[in-house]
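# Architecture at a glance
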Amino acid sequence: MDTTESFRGLACTDCGATFDPDHLDRCPDCGAPLAPEYDYGAVPADPAELADGSGMWRYADLLPFPVESAVTISEGDTPLVDAPRLADELDTGTVLVKDESRNPTGTVLDRGLSLAVTAVAQFGGEDPEPLAHATPGNAGQSAAAYAGRADLRSYAFVPSRAPFSNKAMINVHGGEMRVVGGRYPDALAAVSEQLATDWTSLQEFTNPYRHEGAKTVAYEVLADLDWEVPDAVVTPVGTGEVLVGLAEGFRSAVAAGWVEETPRLFAVQPEGCAPVVEAFESGAETTEAWDHPDTIVGELEIPDPAGGDLAVSALAECDGDAVAVEDESILRSAVTAAGSEGVEMGAAGGASAAGAWELADEFDADATVVLVNTESGGKTADVLRSHLMGQGI
Ligand SMILES: [Zn+2]
């Protein structure tokens, strides 16, 4: 087993039970997600002294697996793009877009799938089980890419509404795909209903490594700001993978002694599906499933988020807040970012910018605000174009 010096194994995020690194499932005792644990004393106190590595694997000293064992397509090392016109409109100092659309398959999810597939490649043995998961679309494309790279079979269960580009590219990468009538929860149920074989789960928060990949976004943001902590980081929330990963990234940067505090974290969800916002605003510790979610943003239509409870606690720990925004505002924001800054945001990414407008009063005149663009504009080009056509453009 090839793991890093700092990695201590997996622990349950609820009951605290500990497990070996090859336990690629939830806690058998209480059902909560597992997460990696580290000895921060084994991590260089000066980030300039990290082991060599490129992309997100530059931070392998704070990941479970060393760069030599990585299944990687050079994910990470995405730019922080200055967005001066957005800063003017928000009446704040600096707005930077952490542009995760520059990853290999155009989404932030590549980070977690690099890590999760690396784990399976390590622990799966001579004849590994196929990988399987349900996804609104983006993670299916990403998983197919990484599984193909590692010569592993993968199944993606996608709802019929998943974008054509995701469906096409799952197959182009050599992945198996099942299109399930209905919405994301139907695809989720279909994995166990339809797969006759045993499989290893790539589902976020079932596989313990998915959200761990997202934490490298935090390290890169801090490094690009010369280890100055931004005032706010705004991110869209679907399953909670990205938000929980970001929070863990900032918390662990404090634990490693790289910075002294975390930035404030802000979660954005569409008004038609906002279980994390609802729970956070009401002071609840757990999210309640939404019976009738309805948003044009398929990636964010996750009515019962697997990482919902962890997302709510992450917001509380990072002095954060959560806002729900209208679909109309999300699409307008994505189009504005493309038109005025040149940054191509998919509809899910547009939620970051829409949330920032909603939150503008929270930002000081000289604040540094980071917006996480989680997906490329090409993922939802048809949705964005339809929005313009609806305005007669
Ligand atoms: Zn447990």
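This report concerns the structure included in the present document. (Residues numbered from 1 in each chain as written. Predicted model: local features only at pLDDT ≥ 70, side-chain atom pairs only at ≥ 80, totals over all residues. Heavy atoms only, no water.)

## Focus: helix H4 (residues 164-172)
- Every buried residue of H4 is listed here: Asn166, Lys167 and Ile170. Each buried residue of H4 sits inside an arc of 100° when the element is viewed along its axis, so together they form one side. Structural note: H4 exposes Phe164 and Val172 on the side pointing more than 90 degrees away from its buried face.
- Where H4 ends, the next residue or the one after it, glycine 174, has phi of about 90°, a positive value. (Buried < 20%, exposed > 50% of the residue type's maximum accessible area, 1.4 Å probe, protein only. Helix = DSSP H or I, 4+ residues; strand = E, 2+ residues; numbered from the N terminus. Arc of directions from axis to C-beta.)

## Regarding the packing of aromatic side chains
- For the coordinates displayed, the defined rule picks out eleven aromatic pairs.
- Ring centres of phenylalanine 7 and tyrosine 209 lie 6.4 Å apart, and the angle between their planes is 65°; on these two criteria the pair is classed as edge-to-face. One end of the pair, phenylalanine 7, is in strand E1 (residues 7-12); the other, tyrosine 209, is in the loop between strand E9 (200-201) and helix H6 (210-224), and 202 residues separate them in sequence. Taken individually, phenylalanine 7 and tyrosine 209 each receive the classification buried, so the pair is uniform in this respect.
- For the pair tyrosine 59 and tyrosine 219, a centre-to-centre distance of 5.2 Å together with 45° between the ring planes defines the contact as tilted. A residue pair is termed long-range when its members are at least 10 positions apart, and tyrosine 59 in the loop between strand E3 (34-38) and strand E4 (80-82) and tyrosine 219 in helix H6 qualify at 160 residues. (Phe/Tyr/Trp six-rings, centres within 6.5 Å; stacked < 30°, edge-to-face > 60°.)

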